[in-house]
Amino acid sequence: MKQTHYQTDLIVLRSEMCMVLGMDRLLSEKEERDTLTWIDKIPFSRSKKNVSRDFSDGVMVAEIVKHYFPRIVDIHNYIASCNTQQKLSNWNLLNKRVFSKLDFYVSEDMVEKIVSSTPNVILPVLLLLKEKIENKLAQATRTQHYSRRQENLFSDVEIQQAEAGIMAQLEKMKIPEPTQEPQQLMFSPDMCRLTLRQVLLDKELLVLELQDILKSLQVKVNKLEELIQLKDKRIEHLTSLPEVFKTKLLLPG
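Note that the structure is predicted; figures quoted are calculated from it, not measured.

Quick notes on helix H5 (residues 84-98)
Between its terminal C-alpha atoms H5 stretches 20 Å, which fits the 21 Å expected from 15 residues at 1.5 Å a residue. When H5 is considered as a whole, its buried residues turn out to be Lys87, Asn90, Trp91, Leu93, Leu94, Asn95 and Val98. In this structure Asn83 caps H5, since a side-chain oxygen of it lies 2.9 Å from the backbone nitrogen of Gln85.

Considerations on the packing of H5 against helix H6 (residues 108-115)
Any two packed helices are characterised by how steeply their axes cross, that is the angle between the axes, and by the distance between the axes. Two numbers describe how H5 lies on H6: the axes approach to 10 Å, and their chain directions differ by 135°. As summarised for this structure, H5 and H6 are arranged oblique, according to the angle between their axes. Like other packed secondary-structure pairs, H5 and H6 cross with a definite hand, here right-handed. Contacts between H5 and H6 involve Thr84, Lys87, Leu88, Trp91 and Asn95 from the first element and Val111, Ile114 and Val115 from the second.

Concerning the nonpolar core
Formed by 36 residues in total, the largest nonpolar core has its most connected members in Phe55, Ile64, Trp91, Phe99, Val106 and Leu129. Residue assignment for this core shows that the elements contributing at least two residues are helix H2 (29-40), helix H4 (59-68), H5, H6 and helix H7 (122-153). If one sorts the elements of this core by residue count, H7 sits on top with 8 residues. Residues in contact with Ile64, not counting those within four places in the same chain, are Trp38, Ile39, Ile42, Phe44, Phe55, Leu126, Leu129 and Ile133.

Digging into the packing of aromatic side chains
Counting across every chain of the model gives 4 aromatic pairs. Aromatic side chains Trp38 and Tyr68 sit 6.0 Å apart centroid to centroid with 10° between the ring planes, which places their arrangement in the stacked category. Here Tyr68 lies in helix H4 and Trp38 lies in helix H2, a separation of 30 residues in the sequence. Taken together, a centroid distance of 5.8 Å and an interplanar angle of 85° make the contact between Phe44 and Phe55 edge-to-face. Of this pair, Phe44 sits in the loop between H2 and helix H3 (51-54) while Phe55 is found in the loop between H3 and H4, placing the two residues 11 residues apart along the sequence. When its relative accessible area of 0% is taken as the criterion, Phe55 is described as buried. Cluster of aromatic residues (ring-pair linked, three or more members): Trp91, Phe99 and Phe104.

Notes on the pattern of salt bridges
Taken as a whole and judged by the stated rule, the model has 5 salt bridges. A salt bridge links Asp34 to Lys30, with the shortest nitrogen-to-oxygen separation between them at 2.8 Å. Placement of the pair is Asp34 and Lys30 together in helix H2, with a separation of 4 residues, close to one helical turn. You can call Asp34 partly exposed: its relative accessible area is 29%. In this structure, the salt-bridge partner of Lys48 is Asp40, at a minimum N-O distance of 3.3 Å. Taking the relative accessible area as the measure of exposure, Asp40 reaches 52% and is therefore exposed.

Here we look at the confidence of the model for the protein chain
With 72% of its residues at a pLDDT of 70 or more, the protein chain has an overall mean of 78. Least confident of the elements in the protein chain is helix H1 (residues 5-21), whose mean pLDDT is 44; most confident is H4, at 96. Per-residue pLDDT stays below 50 along residues 5-21; that stretch engages in 17 contacts with residues further than four places along the chain or on separate chains. Counting contacts from residues 248-253, a segment whose pLDDT is below 50, to residues more than four positions away or on other chains yields 4 contacts.

Cut-offs applied
Residues numbered from 1 in each chain as written. Predicted model: local features only at pLDDT ≥ 70, side-chain atom pairs only at ≥ 80, totals over all residues. Heavy atoms only, no water. Helix = DSSP H or I, 4+ residues; strand = E, 2+ residues; numbered from the N terminus. Expected span 1.5 Å × (residues − 1). Buried < 20%, exposed > 50% of the residue type's maximum accessible area, 1.4 Å probe, protein only. Polar contact = N/O pair within 3.5 Å; in protein donor to acceptor, adjacent residues only side chain to side chain. Axes fitted to C-alpha atoms, helices over the stretch in contact; angles between N-to-C directions. Parallel < 35°, antiparallel > 145°, perpendicular 65-115°, else oblique. Left-handed = near helix turned anticlockwise from the far one by under 90°. Contact = heavy atoms within 4.5 Å. Core = buried A, V, L, I, M, F, W, Y, C linked by side-chain atoms within 4.5 Å. Phe/Tyr/Trp six-rings, centres within 6.5 Å; stacked < 30°, edge-to-face > 60°. Salt bridge = Lys/Arg side-chain N within 4 Å of Asp/Glu carboxyl O. pLDDT = per-residue confidence, 0-100.

What follows is the structure in structure tokens.
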């Protein structure tokens, strides 16, 4: 299929991006040592013999990401192979389904070099992948810490205020009583059509009235369930506090 003008521009842009990110450079001795030490920690499915050849089909790259983020990699989609087309397929799948989630991309020309086991090409790519993974892990840790801080901000006083608000709403809620008691009527052939129609109309009005009452009761039940959740939250909050704070909170006035 012939490439469009926009597809060509995109390929060029991605190639330039890889150059800016430093995928096409030689690593320093320290960078190379750090990268090799990093991949040595990964439990690969096969032994490492030659870095350029080992990673050429992309399977071991998928295993690296799988090790840190198991949910974003389905390792069965990546087939170990010496066939060039299968290697390219693996790398294309990595770019589309995995690297995009890490804000990472390997250009087509870089992939071709990796697939052909060109020396000194894969290590800069692995170094950048290492940095992206470490950034993603750090970001996840910051998000987790932030979530915990937000939970702690929901203090005992705030819980009590929320409880008081719900109690006030419950007190204002008035459940209407039905205007008439349901009655069991006996229909007979002697009843005229007009009387029968009136009886059915009264029944329909009563059903609508009871439905409105049921809705009001459901709202009240929801509020009571919310109140129970808040009380459970307060118990959990108080249980997690040191004994000194528990005593202060439970003392009156």
